[in-house]
Amino acid sequence: MMQPQASSWQLPPAMADTAAPMDGAFHFIFWFSVVFAVLVIAVTLLFIQKYRRQKSDQRSGKAEKGAPTPSRNKLEILWTVVPTLFIIVLFHVGFSAYIHNVTAAEGATEIRVFAKKWSWEFEYGGGARSPDLHLEVNKPYKLILSSEDVIHSFFIPEFRVKRDAVPGQYSFVAFTPTAVGEAHVFCAEYCGTNHSAMLAKVFVEEPAKHEEFLASFGRKPKLCGTPPVECTEEKWGESLFTEKACFTCHGTGGDGKLGGSPSPGPKLAGIFGHDQPLQDGSTVHVDENYVRESILKPNAKIVAGYANVQMPPFAGSFTDDQLEAVIAYIKSLK
Ligand code: CUA
């Protein structure tokens, strides 16, 4: 098993196949820049010395005027073509490393990455989400990123991958972890007060250990209540309703009451299958689609009398099957 390649004074340890091409590009561009910076500074110093004001000028009190420089086509072509070639080479080096980071290997395992202020969540296909990223060593992965609020940037320095998570669209990163160990996810796009705390851990595990993780987490059955027990769709929805604090606005069990007075949000119990009057004078038939839309985009259809109430959008707070569980729960409220 490969150990993480040791970090250098410039770079953290390399733990994925994406690191080598990126480091190659980095070092090439770095040393290229160093060589030319030294060259340009050296020539500048040389010319300062060589063409400085001479003693003879000081005596006569006037500077000697040089002859006008004749145009030299060959020289001009040379200093245009050579840097252009350099730029083509630099572009090629950078672009080939970049392509390596966005092209997924055949049969790569997909993981959904959800970014929001200010945390990361990872879904492995079981519906449940983990706050940390668990990966199997030497297995190709494709991460599908999305954001539910503002632009974040998914950055794993040890893998040399960085990609923006943009609201309303999907972006991708692909890599194969090559060393067992721990790496770190950072947010690399300033996204508000807790931007610097938007962190997650990456665990690159041996196949057996990773299988254990998936068995215990990624494919776990629906659990709810304390202590957690396997439960039905409606029960799960109920625990999510509590967990996401929906009752603080809609009342316990969605009864529309809070401490004896009407709750800030509309009543949910008993509305399913009936018509709901809306603020604009129309009515809507309460079905799965309406409930779903109201959770994801609360302002799409405003219940009559609630124009001044702002419900936070829950788009991204629920996985699809969690959303279905909540809908099932609301449907069950009589
Ligand atoms: Cu998310 Cu910075």
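Anything mentioned here points back to the structure above.
Calculation notes
- Residues numbered from 1 in each chain as written.
- Predicted model: local features only at pLDDT ≥ 70, side-chain atom pairs only at ≥ 80, totals over all residues.
- Heavy atoms only, no water.
- Helix = DSSP H or I, 4+ residues; strand = E, 2+ residues; numbered from the N terminus.
- Buried < 20%, exposed > 50% of the residue type's maximum accessible area, 1.4 Å probe, protein only.
- Contact = heavy atoms within 4.5 Å.
- Patch = residues over 30% accessible without salt bridge, like charges linked within 9 Å, V, L, I, M, F, W, Y side chains within 5 Å.
- Areas by Shrake-Rupley, 256 points an atom, 1.4 Å probe, with all protein chains shown as cover.
- Salt bridge = Lys/Arg side-chain N within 4 Å of Asp/Glu carboxyl O.
- Pairing = 2+ DSSP bridges.
- Axes fitted to C-alpha atoms, helices over the stretch in contact; angles between N-to-C directions.

(A) Representation of the overall build of the protein chain in the model. Along its length, the protein chain carries 8 helices and 16 strands. Residues counted as buried form 34% of the 334 residues belonging to the protein chain. Within the protein chain, counting contacts between residues at least 6 apart in sequence, those at least 24 apart form 60% of the total.

(B) Representation of a nonpolar patch on the surface within the structure. A contiguous nonpolar patch, built from V35, F36, L39 and V40 and spanning about 350 Å² of accessible area, is present on the exposed surface. The residue L39 is located in helix α1 (residues 19-50) in this model. The partly exposed category is assigned to L39, whose relative accessible area is 48%.

(C) Quick look at the sheet that holds strand β8 (residues 171-175). The strand order across the open sheet built from 5 strands is β3-β2-β1-β5-β8, with neighbouring strands paired in mixed fashion. Each of the sheet's edge strands pairs with one partner strand only, and the pair in question is β3 (129-130) and β8. Judged from the 2 bridges that link them, strand β2 (residues 119-123) and β3 form a sheet pairing that is antiparallel. Its bridge partner being in β3, E123 is matched across the sheet by R129.

(D) Seen up close, unusual backbone geometry. In this structure, W118 follows K117 across a cis peptide bond, with omega equal to -5 degrees. By the element assignment, W118 lies in the loop between β1 (109-116) and β2. Non-glycine residue N138 carries a positive phi angle of around 60 degrees. By relative accessible area, N138 is classed as partly exposed at 49%. Phi at A245 is positive, roughly 60 degrees, even though this residue is not glycine. Residue placement: A245 occurs in the loop between α5 (233-243) and α6 (247-250).

(E) Quick peek at the pairing of β8. Counted residue by residue, β8 has 4 buried out of 5 residues, so it is predominantly covered. Relative to β8, strand β5 (residues 141-147) runs antiparallel, the two being bridged by 5 bridges. From the neighbouring strand, L143 faces β8, where its bridge partner is V173.

(F) Spatial organisation of the pairing of β5. Summarising burial for β5: 6 of the 7 residues are buried, a large majority. The pairing of β1 with β5 spans 7 bridges and is parallel. By the bridge assignment for β5, T109 is matched with Y141.

(G) Summary view of the sheet that holds strand β10 (residues 200-205). The 5 strands lie next to each other as β4-β10-β9-β6-β7, forming an open sheet whose pairing is mixed. Every interior strand has two partners, whereas the edge strands, β4 (133-136) and β7 (161-165), have only one. When the angles between neighbouring strand axes are averaged without regard to direction, this sheet yields 20 degrees. Of the strand pairs in this sheet, β4 and β10 are connected by 4 bridges, and their pairing is parallel. Its bridge partner being in β10, H134 is matched across the sheet by F203.

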